[in-house]
Number of protein chains: 2
Amino acid sequence: MAADSEPRRFMTKVARMYYTHGIRQIEIAANLGISQARVSRLLQAAEQAKIVRTIVVIPEGLHAEIEEDLQGRYGLSQVHVVEALDPNDEAGINRDLGEAAALILSAMQLSGKTIGFTSWSRSLRSLVATLEPSKKKSDATRIVEMLGDVGPPQLQHDSTRSTQRFADLIGGTPLFIRAPGVLSSAEVREAMISYDAHTREAIAALDELDVALVGIGTCSIDAPLEPGGNFFTVEQFEMAKSLGAVGQINLRFIDAEGIPIESELDSLVIGVTLAQLPAKGGRFAVAGGRSKYEAVRAALRGHWIDTLITDMETAERLLRE
Amino acid sequence: MAADSEPRRFMTKVARMYYTHGIRQIEIAANLGISQARVSRLLQAAEQAKIVRTIVVIPEGLHAEIEEDLQGRYGLSQVHVVEALDPNDEAGINRDLGEAAALILSAMQLSGKTIGFTSWSRSLRSLVATLEPSKKKSDATRIVEMLGDVGPPQLQHDSTRSTQRFADLIGGTPLFIRAPGVLSSAEVREAMISYDAHTREAIAALDELDVALVGIGTCSIDAPLEPGGNFFTVEQFEMAKSLGAVGQINLRFIDAEGIPIESELDSLVIGVTLAQLPAKGGRFAVAGGRSKYEAVRAALRGHWIDTLITDMETAERLLRE
DNA sequence: TACTTGAGTGTATCAAGATTCGTCAATTGC
DNA sequence: GCAATTGACGAATCTTGATACACTCAAGTA
């Protein structure tokens with residue numbers, strides 16, 4: 001019985017022999033009448049095909065003390081702190097944060113909820129990358145983009161895919177905002193919204209959010225984004241700063257105390273407003289790294305966040321300063 | 001308290017570097033100023049401490065055809081078939097079945113439910129071994145033992161631990177039956193039940209089962225069990241067989257068509273009755289291997305099961321015969 | 001104080017698994 | 001119908017990770 005027709009079945013079989021039963025590759029090879037090399041390749045393929053998953057669980061309450069302190073200090077309902085391998089490697093931090101967030105999300109009951117998602121956030125993007133598919137599908141579960149497209153076309157494509165994939169994994173329906181995130185004028189903004197039925201539907205859903213995975217950003221233009229086009233210009237960022245902005249939550253600017261900074265910039269953005277964020281327990285932020293510290297602190301002070309997933313260094317600074 | 005979390009933190013860090021970031025052990029060692037050997041050992045420890053988990057997912061619908069056929073034939077709501085590595089190795093089959101069941105259970109919504117558990121079942125025991133802890137704790141979730149102690153004292157200890165651990169992993173409260181599973185007379189049985197408050201509570205909960213993980217057994221005394229004491233004697237099994245029994249569900253005998261065999265044996269058992277099994281959708285059986293074939297078929301024919309997790313060979317026989 | 005014990009670590013070595021390379025068969029293109 | 005290409009495979013080889021052994025250090029014990 002050498003050639004099992006179905007390759008996936010064969011991979012599963014080998015994977016189970018290797019991982020579950022702990023049989024050595026050579027023995028598996030001998031047992032199935034194939035070479036050790038092939039067993040090795042099959043195992044790689046199984047991993048590739050996500051038949052085999054290795055996850056590193058973040059033990060509960062590993063940083064219990066600091067997490068509790070943060071909860072108390074900022075009135076948060078949940079805090080998760082992950083150890084950053086290298087505090088300077090922001091990409092690495094985002095990956096770790098995303099992974100942690102994936103574990104937390106997968107333990108949550110999201111079925112039937114309306115979930116706001118921020119597809120341009122790098123940490124949320126890596127969340128999607130590590131999320132495991134859930135079996136429970138529910139059409140009532142809605143994944144709503146909370147901001148229109150930002151950045152260059154390539155990034156927009158990634159964003160769409162990210163939202164789609166997130167919806168697939170959670171088992172819900174995605175609602176896209178098919179419009180730029182930042183327009184040149186309030187009039188164009190209105191026109192864009194009325195233009196597309198999908199977008200209108202998504203915008204409407206923003207009033208009914210149960211959970212929001214917000215993006216916290218600085219008042220500058222980070223790497224993959226570009227000024228102008230469907231994003232704020234350098235001048236607009238400068239203007240926000242001159243009004244006291246130290247960061248933004250889905251492009252809504254806040255000052256160091258977390259107080260919203262109202263300006264005409266607000267009327268240029270197609271996306272969730274701070275007032276639309278879910279009332280309590282559903283405001284998630286996955287953000288860390290040195291550059292975002294000011295913004296995160298402001299978001300916490302304004303109580304725009306009640307579940308924070310961040311790195312050790314940021315957590316410590318949030319307690320110290 | 002911080003004393004014991006320190007090594008765990010280090011293990012987690014190393015595990016993340018290795019598995020999530022894919023860094024080689026030597027590089028990790030160089031990075032952290034330790035030897036490669038220590039990295040290797042830390043990773044082993046992390047695996048031991050369940051910080052690292054590797055699971056082999058059963059791809060959905062790998063055996064779609066046979067599963068659907070079985071569903072249709074016996075009116076089952078769910079069927080999962082796993083490939084047995086060696087049809088003769090019943091211990092191995094049980095491990096595989098348990099692993100599969102763990103994956104299926106973890107995808108289910110069990111919070112707040114009353115779940116009947118059969119702690120002496122080997123496949124359910126291995127289910128517990130591979131189940132991943134769920135984050136959602138709920139005191140409303142109850143794990144009820146569906147049968148008193150059977151077998152030698154050593155086995156009883158394992159059973160208790162198994163139930164306890166299952167409850168921990170699911171995030172619920174365990175209700176134990178602290179009494180023998182089989183008594184010498186109906187009078188002694190009554191006395192045992194009235195004796196212990198915990199046991200009474202568990203027995204009462206058996207009327208409110210939402211989900212039952214039943215054990216399907218043969219009409220003989222399998223390896224770890226011993227006749228007499230708190231288990232049926234050889235004579236009692238013979239008597240059941242002479243009445244037409246081909247198997248039993250939690251020690252309630254059924255004939256080849258699945259029809260319950262009523263006898264005075266019923267009044268000797270402290271455990272769930274067939275009538276107490278949840279109405280629909282909640283009757284799980286994890287059973288396979290050649291020896292149990294007759295019993296499984298009988299249980300299916302009597303519609304005592306609506307979700308079956310079994311091995312390929314049993315599945316095929318169930319369709320053929 | 002001196003001795004014993006045991007856990008934890010690094011070095012050197014060995015085994016296990018990944019990779020390279022040549023072969024062969026199936027498929028594609030001309 | 002015949003190269004050419006692609007992909008799968010196994011044997012040999014190389015790399016990576018596991019382990020045996022020796023050493024250190026701390027804590028207990030005579």
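Here the structure is a predicted model, which means the values were calculated and not measured.

1. Digging into the protein's contact with DNA strand C
Now for step 1: The environment of DNA strand C is formed by 13 residues, the closest being A:Tyr18, A:Ser40, A:Gln44, B:Ser35 and B:Arg38.
Now for step 2: Sugar plus phosphate: this is where 61% of the atoms of DNA strand C within 4 Å of the protein reside.
Now for step 3: Separating a base nitrogen of DNA strand C from a side-chain N or O atom of A:Gln36 is a distance of 3.1 Å.
Now for step 4: A distance of 2.9 Å separates a phosphate oxygen of DNA strand C from a polar atom in the side chain of B:Arg38.
Now for step 5: Mapped onto the surface near DNA strand C, the elements with two or more residues apiece are helix H3 (36-48) of chain A together with helix H3 (36-48) of chain B.

2. Structural notes on the relation of the copies chain A and chain B
Now for step 1: Between chain A and chain B, which share one sequence, the superposing operator has a rotation angle of 178° and an axial displacement of 0.2 Å; the RMSD is 0.4 Å. The operation mapping one copy onto its partner corresponds to a two-fold rotation axis. No C-alpha of chain A lies nearer the rotation axis than that of A:Thr54, which sits 1.9 Å from it.
Now for step 2: The share of interface residues of chain A whose copies in chain B are also at the interface is 97%, consistent with both copies meeting through the same surface.

3. Considerations on the sheet that holds strand S9 (residues 252-255) of chain A
All names here are of chain A.
Now for step 1: Judged by pairing direction, the sheet is antiparallel, and its three strands sit side by side in the order S7-S8-S9 without closing on themselves. The open sheet has two edge strands, strand S7 (216-217) and S9, and neither has a second partner.
Now for step 2: Of the strand pairs in this sheet, S7 and strand S8 (residues 245-249) are connected by two bridges, and their pairing is antiparallel. Opposite Ile 216, over in S8, you have Ile 249 as the bridge partner.
Now for step 3: Helix H11 (residues 293-301) contacts S7, S8 and S9 of the sheet and is inclined by roughly 75° relative to S8.

4. Thoughts on the sheet that holds strand S10 (residues 283-286) of chain A
Residue and element names in this part refer to chain A.
Now for step 1: Spatially, S2-S11-S10-S6-S3-S4-S5 is the arrangement adopted by the seven strands of the open sheet, whose pairing is parallel. Across the chains shown, the open sheet's two edge strands, defined by having one partner strand only, are strand S2 (78-82) and strand S5 (173-175). This sheet shows a mean twist of 15° between the axes of neighbouring strands, independent of strand direction.
Now for step 2: Note: strand S4 (residues 142-145) against S5, three bridges, orientation parallel. Within S5, the position partnered with Ile 143 by the bridge is Pro 174.

5. Description of the packing of aromatic side chains
Now for step 1: Going through the model one piece at a time under the given rule, you end up with 14 aromatic pairs over all chains.
Now for step 2: Seen in terms of ring centroids, A:Phe231 and A:Phe237 are 5.7 Å apart; in terms of plane orientation they differ by 55°. Their pairing is tilted.
Now for step 3: Accessibility expressed as a relative area gives 5% for A:Phe231, which makes it buried.
Now for step 4: With centroids separated by 5.9 Å and ring planes inclined at 90°, the aromatic side chains of B:Phe237 and B:Phe253 adopt a geometry described as edge-to-face. Of the two residues, B:Phe237 sits in helix H10 (residues 234-242) while B:Phe253 sits in strand S9 (residues 252-255), which places them 16 residues apart along the sequence. In this structure, B:Phe237 and B:Phe253 share a single accessibility class: buried.
Now for step 5: Grouping aromatic residues by their ring pairs yields a cluster made of A:Phe231, A:Phe232, A:Phe237 and A:Phe253.
Now for step 6: The positively charged end of A:Arg317 is found above the aromatic ring belonging to A:Tyr293, 3.8 Å away from the centroid.

6. Structural notes on the pattern of salt bridges
Now for step 1: Evaluated as defined, the whole model comprises 18 salt bridges over all chains.
Now for step 2: Where A:Arg16 meets B:Asp96, a salt bridge forms, and the shortest distance between an N and an O atom there is 3.1 Å. A residue pair is termed interchain when its members come from two chains, as with A:Arg16 in helix H1 (residues 7-20) and B:Asp96 in helix H5 (residues 90-106). The pair formed by A:Arg16 and B:Asp96 is uniform in burial state, with each residue classed as buried.
Now for step 3: A:Glu208 serves as the salt-bridge partner of A:Arg142, at 2.7 Å between the closest nitrogen and oxygen. A residue pair is termed long-range when its members are at least 10 positions apart, and A:Arg142 in strand S4 and A:Glu208 in the loop between helix H9 (197-205) and strand S6 (211-214) qualify at 66 residues.
Now for step 4: Using a relative accessible area of 22% as the deciding quantity, one classes A:Arg142 as partly exposed.
Now for step 5: If you follow the salt bridges from partner to partner, you end up with A:Asp96, A:Glu99 and B:Arg16 in one network.

7. A word on the protein's contact with DNA strand D
Now for step 1: Surveying the vicinity of DNA strand D reveals 13 residues, the closest of which are A:Arg41, B:Tyr18, B:Gln25, B:Ser40 and B:Gln44.
Now for step 2: Here the atoms of DNA strand D within 4 Å of the protein split so that 61% fall in sugar or phosphate, with bases taking the remainder.
Now for step 3: Taking A:Ser35, its side chain carries an N or O atom lying 2.9 Å from a phosphate oxygen of DNA strand D.
Now for step 4: In the environment of DNA strand D, a base nitrogen lies 2.7 Å from a nitrogen or oxygen atom belonging to the side chain of A:Arg41.
Now for step 5: Secondary structure elements with two or more residues in the surface near DNA strand D: H3 of chain A together with H3 of chain B.
Now for step 6: The element contributing the most residues to the surface near DNA strand D is H3(B), with five residues.
Now for step 7: Counted by class, the surface near DNA strand D contains four nonpolar, five polar and four charged residues.

8. Details of the packing of helix H6 (residues 122-130) of chain A against helix H7 (residues 153-170) of chain A
All names here are of chain A.
Now for step 1: Between H6 and H7, the least distance of the axes is 10 Å, while the angle of their chain directions is 45°. If you check the angle between H6 and H7, you find them oblique. In the crossing of H6 with H7, the sense of the turn from one axis to the other is left-handed. Between H6 and H7, the residues in contact are Arg 125, Leu 127 and Val 128 and Leu 155, Asp 158, Ser 162, Arg 165, Phe 166 and Leu 169, respectively.
Now for step 2: Across the contact of H6 with H7, the residue classes break down as five nonpolar, one polar and three charged.

9. Quick notes on the domain arrangement of chain A
Now for step 1: As far as domains go, chain A holds domain 1 (7-48) and domain 2 (64-320).
Now for step 2: Taking only C-alpha atoms into account, the centre of domain 1 of chain A sits 42 Å from that of domain 2 of chain A.

10. Re the environment of B:Arg301
All names here are of chain B.
Now for step 1: Checked against the element boundaries, Arg 301 lands in helix H11 (residues 293-301).
Now for step 2: Once the C-alpha coordinates of Arg 301 and Tyr 74 are considered, the two residues, 227 residues apart in sequence, prove to be 6.6 Å apart.
Now for step 3: If sequence neighbours within four positions are ignored, Arg 301 has contacts with Tyr 74, Ala 256 and Glu 257.
Now for step 4: Only 3.2 Å separates the side chain of Arg 301 from the side chain of Glu 257, close enough to count as a polar contact.

Procedures and definitions
- Residues numbered from 1 in each chain as written.
- Chains lettered and ligands numbered in written order.
- Predicted model: local features only at pLDDT ≥ 70, side-chain atom pairs only at ≥ 80, totals over all residues.
- Heavy atoms only, no water.
- Near = heavy atom within 4 Å.
- Polar contact = N/O pair within 3.5 Å; in protein donor to acceptor, adjacent residues only side chain to side chain.
- Helix = DSSP H or I, 4+ residues; strand = E, 2+ residues; numbered from the N terminus.
- Least-squares fit on C-alpha atoms with pLDDT ≥ 70 in both.
- Contact = heavy atoms within 4.5 Å.
- Pairing = 2+ DSSP bridges.
- Axes fitted to C-alpha atoms, helices over the stretch in contact; angles between N-to-C directions.
- Phe/Tyr/Trp six-rings, centres within 6.5 Å; stacked < 30°, edge-to-face > 60°.
- Buried < 20%, exposed > 50% of the residue type's maximum accessible area, 1.4 Å probe, protein only.
- Lys NZ or Arg CZ within 6 Å of the ring centre and 35° of its normal.
- Salt bridge = Lys/Arg side-chain N within 4 Å of Asp/Glu carboxyl O.
- Nonpolar A, V, L, I, M, F, W, Y, C, P; charged D, E, K, R; others polar.
- Parallel < 35°, antiparallel > 145°, perpendicular 65-115°, else oblique.
- Left-handed = near helix turned anticlockwise from the far one by under 90°.
- Domains from an automatic or database assignment.

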